[in-house]
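Results of the structural survey
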Amino acid sequence: MILKTTLAVSAVLAMTACASSMGGQPMMYSQASLPEAVKVPAGHRVAMETVGAGDITYECRAKQGMAGQFEWVFAGPDAKLMDRGGKPVGKYYGPPATWESMDGSKITGTQLAVAPGGNGNIPLQLVKANPAMGMGAMQGVTYIQRVATVGGVAPAMACGAGNVGAKQIVQYRADYIFYKAG
């Protein structure tokens, strides 16, 4: 009898998990498959999952300390943040890199680590959040992870003395996972 009950409960849980991944309640984000460098330390829980979609601006600049050499430098993001259902919940912009909720609360942070995001994609990232400005959803956020990146890498066009100061905008998408202590 115990075995039959256990099997029945297991079957219901499996069906619930399948339904959740097909449009029911969203499954809780897991960082198990992420590189160690960008994992959030133990003792923090997911507070909000967002999808960021927008643009990254790069500027052609002289390489510091390398006369006659030039590179595309990250100049700043401009993206909308949406929940998993596509509803707008905020924006991401910079510099400095700022995540702002629709309720007006916002945070900046310090990059702790990056890991490869795959060919043609900006890296995965772990950011330590600064204390929030304003009351709302960003209050108490301790870490932000950028995962599931698509696009956003520096332009392929040449960057040289002839186009120093030129700006190029590339599109990208990434999931931003916000954590709080607890």
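Scope of this entry: the structure provided in the associated data block. (Residues numbered from 1 in each chain as written. Predicted model: local features only at pLDDT ≥ 70, side-chain atom pairs only at ≥ 80, totals over all residues. Heavy atoms only, no water.)

1. Things to note about the overall build of the protein
When helices and strands are tallied, the protein shows one helix and eight strands. Its helices and strands taken in sequence order, the protein reads α-β-β-β-β-β-β-β-β from the N to the C terminus. Across the 182 residues that make up the protein, the buried fraction comes to 36%. Sequence-distant contacts in the protein: of pairs separated by 6 or more residues, those separated by 24 or more amount to 59%. Split by element, the accessible area of the protein, about 10,400 Å² in all, is 61% carbon and sulfur. (Helix = DSSP H or I, 4+ residues; strand = E, 2+ residues; numbered from the N terminus. Buried < 20%, exposed > 50% of the residue type's maximum accessible area, 1.4 Å probe, protein only. Contact = heavy atoms within 4.5 Å. Areas by Shrake-Rupley, 256 points an atom, 1.4 Å probe, with all protein chains shown as cover.)

2. Considerations on the layout of surface pockets
When its volume is computed, the largest pocket comes out at roughly 190 Å³. Lining the largest pocket are 15 residues, with Phe74, Tyr92, Gln111, Gln125 and Arg146 sitting closest to its centre. Listed by contribution, the elements that provide at least two residues to the lining of the largest pocket are β1 (44–62), β5 (106–115) and β6 (124–129). Element by element, the count of residues in the lining of the largest pocket is highest for β5, at four residues. Among the residues making up the lining of the largest pocket, the classes are represented as ten nonpolar, four polar and one charged. (1 Å grid on protein atoms, 1.4 Å probe; cavity = no way out; pocket = protein on both sides within 12 Å on 5 of 7 lines; lining within 4 Å. Points joined across faces, edges and corners; volume = space filled by probe spheres on them. Nonpolar A, V, L, I, M, F, W, Y, C, P; charged D, E, K, R; others polar.)

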